[in-house]
Amino acid sequence: MHQYQTVDSDQTVYRDGTIKLHGPEGFEGMRKAGRLAAEILDEVANLVQPGVTTGQIDDLVRQMTLDGGAVPATLGYRGYAHSCCTSINHVICHGIPGDKLLKEGDIVNVDVTPLLDGWHGDSSRMYFAGEPPLKAARLVEVTYECLMLGIEAASKPGARLGDIGAAIEEHARQHRYGVVREFCGHGLGRLFHDAPEVVHAAKAGTGPELKPGMFFTIEPMINLGKPWAKILGDGWTAVTRDKSLSAQFEHSLGITEDGIEIFTKSPKGLDKPPY
């Protein structure tokens, strides 16, 4: 049995395995944090181009987060020293910003989590540096479709957590892409990572029921080749084992009485490239 816990917005919460159910104040807090995350990613679209370093992207994310009255949740998280993750080409997730220059045709995921007034707005998008190869652009397009199909599955009455992964996996398999299993979406709110885990390859009709007040991310990582991942020696960077390209999109969401609310939708409509 999965345990649910109704929480007040000023109640101290812990990662104790319970699935938190939030009220109106929680939704308002997540709307503000999610909108800031989306505004930051909108601005990243103006920066990404060949010759820009991932460190410059990190600088922009940090400054916009602070200017928005928030702090980057990743800064200092388990020793991580940056304000976002920048994952290029065959990097699946958790790529570390630095001096690396983006090259013509690169695809890059930028993952941000501003912590605003105690609430986490977690989101990521793909970007093109110049003109990507057709197979890369198609992978990115299908990965976005996977995200939106997962959200659609979660919005249906009586939906269960497994419905999300089932919808994502089915669409990815139609294109012969691999769905990464080593990483998943997660509950969030006043905690960065909380229950439940949102796996992106699952069986429909399984897992906990999605109830109003649940907050979580859906963030499918889709590989052009096999689904397998490995972690590099830095302890963070996850790459495809077969060096195939990988793409990811992420939204933070809340289950409502009549469906789902996307907290991190782009105010400018820049939810997927080309921008």
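Scroll up to find the structure this text is about.
Residues numbered from 1 in each chain as written. Predicted model: local features only at pLDDT ≥ 70, side-chain atom pairs only at ≥ 80, totals over all residues. Heavy atoms only, no water.

## Description of empty space enclosed by the protein
Scanning the model with the defined rule gives one cavity of 30 Å³ or more in all. Space inside the largest cavity adds up to approximately 60 Å³. Lys-20, His-22, Leu-188, Gly-189 and Asp-194 are the residues nearest the centre of the largest cavity, which is lined by 13 residues in total. Contributions of two or more residues to the lining of the largest cavity are made by β2 (19-21) and β12 (194-198). (1 Å grid on protein atoms, 1.4 Å probe; cavity = no way out; pocket = protein on both sides within 12 Å on 5 of 7 lines; lining within 4 Å. Points joined across faces, edges and corners; volume = space filled by probe spheres on them. Helix = DSSP H or I, 4+ residues; strand = E, 2+ residues; numbered from the N terminus.)

## Let's talk about the packing of aromatic side chains
Counted under the stated rule, the structure contains eight aromatic pairs. For the pair Trp-119 and Phe-215, a centre-to-centre distance of 6.4 Å together with 70 degrees between the ring planes defines the contact as edge-to-face. Pair noted here: Trp-119 is in strand β8 (residues 119-120) and Phe-215 is in strand β13 (residues 215-218), with a separation of 96 residues, a long-range link. Phe-215 gets classed as buried once you look at its relative accessible area, which sits at 3%. Ring centres 5.3 Å apart and planes at 75 degrees place the aromatic pair Tyr-144 and Phe-249 in the edge-to-face group. In this pair, Tyr-144 sits in helix α3 (residues 134-154) while Phe-249 sits in the loop between β17 (246-248) and β18 (251-256), placing the two residues 105 residues apart along the sequence. Taking the relative accessible area as the measure of exposure, Tyr-144 reaches 11% and is therefore buried. The ring of Tyr-4 carries Lys-211 above its face, with NZ or CZ at 4.1 Å from the centroid. (Phe/Tyr/Trp six-rings, centres within 6.5 Å; stacked < 30°, edge-to-face > 60°. Buried < 20%, exposed > 50% of the residue type's maximum accessible area, 1.4 Å probe, protein only. Lys NZ or Arg CZ within 6 Å of the ring centre and 35° of its normal.)

## Describing the layout of surface pockets
One number sums up the size of the largest pocket: a volume of about 620 Å³. If you trace the largest pocket, you find 28 residues lining it, with His-94, Phe-183, Cys-184, His-186 and His-193 closest to the centre. Mapped onto the lining of the largest pocket, the elements with two or more residues apiece are β6 (107-112), β11 (185-187) and β12. Looking at the lining of the largest pocket, the element that brings in the most residues is β12, giving three residues. In terms of residue class, the lining of the largest pocket is built from eleven nonpolar, seven polar and ten charged. Roughly 190 Å³ of volume is contained in the second largest pocket. If you go around the second largest pocket, the residues you meet are Ala-45, Asn-46, Val-48, Tyr-127, Phe-128, Gly-130, Glu-131, Pro-132, Leu-270, Pro-273, Pro-274 and Tyr-275. If you list the elements that add at least two residues to the lining of the second largest pocket, you get α1 (24-47) and β9 (123-128). Residue composition of the lining of the second largest pocket, grouped by class: nine nonpolar, two polar and one charged. (Nonpolar A, V, L, I, M, F, W, Y, C, P; charged D, E, K, R; others polar.)

## What to know about the packing of α3 against helix α4 (residues 161-174)
Viewed as axis vectors pointing N to C, α3 and α4 meet at an angle of 150 degrees, and their least axial separation amounts to 8 Å. Classified by the angle between their axes, α3 and α4 sit roughly antiparallel to one another. The handedness of the crossing between α3 and α4 is right-handed. Note on element contacts: α4 touches α3 through Asp-163, Ile-164, Ala-167, Ile-168, His-171 and Ala-172, opposite Val-142, Glu-145, Cys-146, Leu-149, Gly-150, Ala-153 and Ala-154. Of the residues belonging to the contact of α3 with α4, the class tally is nine nonpolar, two polar and two charged. (Axes fitted to C-alpha atoms, helices over the stretch in contact; angles between N-to-C directions. Parallel < 35°, antiparallel > 145°, perpendicular 65-115°, else oblique. Left-handed = near helix turned anticlockwise from the far one by under 90°. Contact = heavy atoms within 4.5 Å.)

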